[in-house]
Amino acid sequence: MPRTALRVCPLCEATCGLTLTIEGSTVTGARGDRDDVFSRGFICPKGAAFGAVDGDPDRLRTPLVRRAGRLREATWEEAYAAVAAAVPALLREYGPQSVGVVLGNPNTHTMAGALYPPLLLKALGTRNLFTASTLDQMPKHVSSGLLFGDPFAIPVPDLDRTDFLLLLGANPVESNGSLCTAPDFPGRLRALRARGGTLVVVDPRRTRTARLADRHLAPRPGSDALLLAALAHTLLDEKLTDPDRLTRWTEGLGELGPALDRFTPEAVAPACDLSAAEIRALARELAAAPTAAVYGRIGSCTTEYGTLASWLVDVLNILTGNLDRPGGALFPLSATDHAPRPAGPGKGFALGRWHSRVSGHPEAKSELPTAALAEEIETPGEGRIRALIAIAANPVLSAPDGQRLDAALAGLDFMVSVDPYLNETARHAHVVLPPPPPAQSAHFDFAFNAFAVRNQARYSPPAVPLEEGRMDECEIHARLILAVSEQHGAPPETVDDRVIADTLARAAADPHSPLFGEDPRLRASTLSGRTGPERRLDMMLRLGPYDLTLEELGQHPHGIDLGPLRPRLPGVLKTRSGRIELLPEPIAAELPRLRAALAERPAALVLVGRRHLRSNNSWLHNVPALIGGSNRCTLQVHPEDAGRLGLADGGRARVTSDGGSLEVPVEVTETVRRGVVSLPHGWGHDRAGSRLSVASAEPGANVNQLLDGTRLDPLSGTAVLNGFPVELAPLP
Ligand SMILES: Nc1nc2c(c(=O)[nH]1)N[C@H]1C(S)=C(S)[C@@H](COP(=O)(O)OP(=O)(O)OC[C@H]3O[C@@H](n4cnc5c(=O)[nH]c(N)nc54)[C@H](O)[C@@H]3O)O[C@H]1N2
Ligand SMILES: Nc1nc2c(c(=O)[nH]1)N[C@H]1C(S)=C(S)[C@@H](COP(=O)(O)OP(=O)(O)OC[C@H]3O[C@@H](n4cnc5c(=O)[nH]c(N)nc54)[C@H](O)[C@@H]3O)O[C@H]1N2
Ligand code: SF4
Ligand SMILES: [Mo]
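The numbering scheme is per chain: residues are counted from 1 as the chain's sequence reads. Here every chain gets a letter starting at A, and every ligand a number starting at 1, in the order they are written. Note on the predicted model: pLDDT of at least 70 is required for a residue's local features to be given, and 80 or more for side-chain atom pairs to be given and counted; whole-chain, interface and lining totals, by contrast, use all residues. As a rule here, side-chain values cover all heavy atoms of the structure and leave hydrogens and water aside.

With an unreviewed UniProt entry as reference, the protein is termed Molybdopterin oxidoreductase family protein, source organism Streptomyces goshikiensis.

Written out as structure tokens, the structure is:
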């Protein structure tokens, strides 16, 4: 008899509640959970394919250990023994920097990825941390760190209540949203328009999101910071600002005007390839809307001026009085956030506390640019990375110059990969530790609840019991931490018990904590949960702002709604001044570079990426239901450019940039603007030694092979993945 079980979907940031149909231990179907307090039954084609993703026969079932050069199936004991024999010895001989850590995107979609990597880093003591953030949202962390003192204080647009949404460099109709967790993003955009609101989309491609908009502006890629600066300039110049409500918490308002004085609409118009009149009109509309939110994502982050653009997004929200008010952009308060504490000066946010060894890149949020990983492995000398621990990461495809990284990984003394697939990156590992499929894992969204358009909490226990021979991913991480820190063989719960003891001891001594003055040991013994991670979740809920418990979440399988977002200023501020620092020094120092861009001659042809609704970065191309049709690795070219360059739809072209060149199929389409071509990322599954039977049959080309890793947004170390110059030539 088939049964059903609930599971929050881990396949994108929308976190929809799914109802899975299960026969035996196999997921045979998935539909939207109509009673889910947040997603109300919404599902997309990826969620609907949950069973196929979960049951992919290419998923690894046992650990792999390299012996005599070949990866072979092994027991968990053998795998951890290999880690324990290699890593501590390297740490002893070469020091903590000799072991690097790479964390990929799915860590934000697993409980293990939220709870254990900080402990692993502490155990190793390394500063060589590289994550998907420097291919993604690091500019936003940096701008929030500088403005608000907390890199995680990221305001999200109040989608359900705003009157005006200005959306830049995001295509939530296909991506389902990012740093703005909102199940059924498309439906929420349609509702915005239905209630008389306005949607303006800024994107060099006419995306499905742009097609929903009242207005679509298609500027030249890479020009968002200029456009946003001109919008801010117009607001200040025409006295359209309304920062009154925030004035008492904001520093630097007076200095902002002079700092932006060169960025008039007329001055930026040629670089943006928009008219000054359009820019001025947009600024006036933004100011006139009763409430409005400005929101920028990948297309505004992963560019030459990503941090400036991310900063300006919030500058506009502040100048129009929309930061921290309903209908504007608000700071979520998740159930596992710290309980609010009184406002006052904080520790602030510093950049560049240390630098990368080879190129001297400044750290940002304790991370180094993933684009610099290969050189840190290759370049001889003290502090060279000799061993790597990669968790849920596929940088050979997701980061610039995969070929170079591929070769660098092959030269490591030791590599561990925690990954369900033997893919382009994992194939270099000496030990692969495969997590179970998502139906066998418990789930709580530690990361995305903190960026959600509504405060809510949902917990999914494993839908299917752990298969014989499998190990829960939390236990995989806990044992890994023990193995690298000379405690191989200790029970994995010791890792969780230590965190619980430390956290409760701190809470007991903290007058602002809900557990102030309580006996930490007594408290630890009253936590509920069958596993270490469940007990940690219970503890975090009890320490959080809503006084929830794991038991209560269990009693509400469709989730607990905690209400719409509410104003949180000045309590969220952790700057040294205790105020919003509107024009922080590192930003002011970046503005001359942006001014110089006004005089630069733009490249004739630049490349941008795109996401397909049925894709997920590099790792869903192995699921037959999710590939094919329009989800293909084609180079989209505007008909005029195609005509000029002699390219035909369905033909092939050579595309060349700084880092290399690729042969790709051409798709002629008016959805890209003139002077722009688009190639999606995550393809290039043609490397020997991986085990991806479906993906390798339709490998596509790796767009990141066009980059050599030198183009970075300097403040955040984020790779420029959008708006870099390319040349095209037809192929016979
Ligand atoms: N050119 C270009 N490049 C880009 C982007 C772009 O827009 N353009 N986007 C960038 C962005 S935004 C991101 S986030 C990065 C993503 O970069 P990565 O995080 O490096 O890549 P992913 O493809 O998300 O793959 C992550 C790995 O996680 C594994 N995995 C899947 N589920 C699990 C799980 O439950 N547990 C574990 N342990 N592993 C799992 C997959 O098998 C895969 O190997 O790519 C970036 N690269
Ligand atoms: N289906 C699907 N969903 C996903 C993912 C996926 O791979 N597939 N990946 C997930 C991840 S890791 C992330 S980070 C999110 C990303 O979510 P989004 O930010 O919504 O991602 P994209 O769909 O890449 O949208 C970026 C848009 O920016 C545009 N663009 C490029 N350059 C510029 C520019 O200079 N200026 C402006 N204004 N626009 C520009 C591109 O044309 C593109 O439409 O999606 C997540 N969801
Ligand atoms: S929108 Fe995202 S979370 Fe929702 S079903 Fe689709 S992939 Fe899953
Ligand atoms: Mo991402």
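(A) The domain arrangement of the protein, seen in detail. Under the domain assignment used here, the protein contains domain 1 (1-55), domain 2 (59-126 + 352-422 + 431-451 + 459-557), domain 3 (138-332 + 569-596) and domain 4 (603-731). An automatic or database domain assignment supplies the start and end points of every domain. Of note, the centres of domain 2 and domain 4, computed from C-alpha atoms alone, are 32 Å apart. When two components associate, each loses some accessible surface as probed by a 1.4 Å sphere; the sum of these losses over both components is called the buried area. Summed over both sides, the interface of domain 2 with domain 4 buries roughly 1,900 Å², with 54% coming from carbon and sulfur. In what follows, salt bridge is the name for a side-chain nitrogen of Lys or Arg lying within 4 Å of a carboxyl oxygen of Asp or Glu. In this structure, the connection of domain 2 to domain 4 is made through one salt bridge. Across the pair Arg687 and Asp406 runs a salt bridge, and its minimum N-O distance is 3.0 Å. The set of elements that each furnish at least two residues to the side of domain 2 that touches domain 4 consists of helix H18 (395-398) and helix H19 (402-410). Tallied by class, the residues present in the side of domain 2 that touches domain 4 amount to 13 nonpolar, six polar and three charged. Counting from the N terminus, the helices are DSSP H or I runs at least four residues long and the strands are E runs at least two residues long. Residues are sorted three ways: Asp, Glu, Lys and Arg are charged, Ala, Val, Leu, Ile, Met, Phe, Trp, Tyr, Cys and Pro are nonpolar, and all the rest, Gly among them, are polar.

(B) Up close: the site of ligand 1. Surrounding ligand 1, one finds 28 residues, the nearest of these being Asn105, Asp419, Asn423, Ser618 and Asn704. For the purposes of these results, a polar contact is taken to be a pair of N or O atoms within 3.5 Å, where, inside protein, one atom must be able to donate a hydrogen and its partner to accept one; residues adjacent in sequence count only when each atom of the pair is a side-chain atom. In the environment of ligand 1, an oxygen atom lies 2.6 Å from a nitrogen or oxygen atom belonging to the backbone of Asn105. Between Arg611 and ligand 1, the recorded distance is 3.1 Å, taken from a side-chain N or O atom to a nitrogen atom. Under the convention used here, a 1.4 Å probe and the Shrake-Rupley method define accessible areas, while residue burial counts only the protein chains that appear. Calculation on ligand 1 without its partners gives an accessible area of 910 Å², and the protein chains cover 95% of this total. Here the shell around ligand 1 is composed, by residue class, of 14 nonpolar, ten polar and four charged. Composition of the shell around ligand 1 by domain shows at least three residues from each of domain 2 (59-126 + 352-422 + 431-451 + 459-557) and domain 4 (603-731). Note on terminology: near, applied to a residue and a molecule or strand, indicates that one of the residue's heavy atoms is within 4 Å of it.

(C) Highlighting the pairing of strand E26 (residues 660-668). We treat two strands as partners when DSSP finds at least two bridges between them. Note that strand E24 (residues 635-637) and E26 share three bridges and pair parallel. What sits directly across from Val637, in E26, is Val668. In terms of strand pairing, strand E25 (residues 652-657) meets E26 through six bridges, oriented antiparallel. The residue bridging Val655 from the neighbouring strand is Leu662, located in E26. Here E25 hands over to E26 after two residues, the two strands then running antiparallel side by side.

(D) Spotlight on the pattern of salt bridges. Taken as a whole and judged by the stated rule, the model has 37 salt bridges. For the salt bridge of Lys140 with Asp314, the shortest nitrogen-to-oxygen distance reads 3.0 Å. Residue Lys140 is located in helix H6 (residues 138-148), and its partner Asp314 is located in helix H16 (residues 306-319); the two are separated by 174 residues in the primary sequence. Arg215 is the partner of Glu285 in a salt bridge, and the nearest nitrogen-oxygen pair spans 2.0 Å. Here the residue Glu285 occupies a position in helix H14 (residues 276-288), and Arg215 occupies one in strand E11 (residues 215-217), the gap between them amounting to 70 residues. On the basis of relative accessibility, which here comes to 26%, the residue Arg215 falls in the partly exposed class. Burial classes: relative accessible area under 20% of the type maximum marks a residue as buried, over 50% as exposed, and values in between as partly exposed (1.4 Å probe, protein chains only).

(E) Up close: the site of ligand 2. Within the structure, ligand 2 sits among 30 residues, and Ser175, Asp203, Gly222, Asp224 and His612 are positioned closest to it. Between ligand 2 and Asn171 there is a distance of 2.9 Å, counted from an oxygen atom to a backbone nitrogen or oxygen. With respect to ligand 2, the side chain of Asp203 contributes an N or O atom lying 2.7 Å from an oxygen atom. Considered on its own, ligand 2 offers 920 Å² of accessible surface; in the complex 98% of this is hidden by protein. Of all the secondary-structure elements, those providing two or more residues to the shell around ligand 2 are helix H7 (172-175) and helix H15 (298-301).

(F) Local environment of the packing of H6 against H16. With their axes 8 Å apart at the nearest point, H6 and H16 run at an angle of 50° to one another. Looking at the two axes, H6 sits oblique to H16. Between H6 and H16 lies a crossing of right-handed hand. Mapping the contact onto sequence places Pro139, Lys140, Val142, Ser143, Ser144, Leu147 and Phe148 in H6 and Gly306, Thr307, Ser310, Trp311, Val313, Asp314 and Ile318 in H16. Residue composition of the contact of H6 with H16, grouped by class: seven nonpolar, five polar and two charged. Between N-to-C directions, angles span 0 to 180 degrees; the directions come from axes that are lines fitted to C-alpha atoms, helices contributing only their stretch in contact. Oblique is the label for every angle not falling under 35 degrees (roughly parallel), over 145 degrees (roughly antiparallel), or within 65 to 115 degrees (roughly perpendicular). If you view the pair so one helix is near and one far, a crossing is left-handed when the near helix is turned anticlockwise from the far one by less than a right angle, and right-handed when it is turned clockwise. Any two residues having at least one pair of non-hydrogen atoms within 4.5 Å are treated as being in contact.

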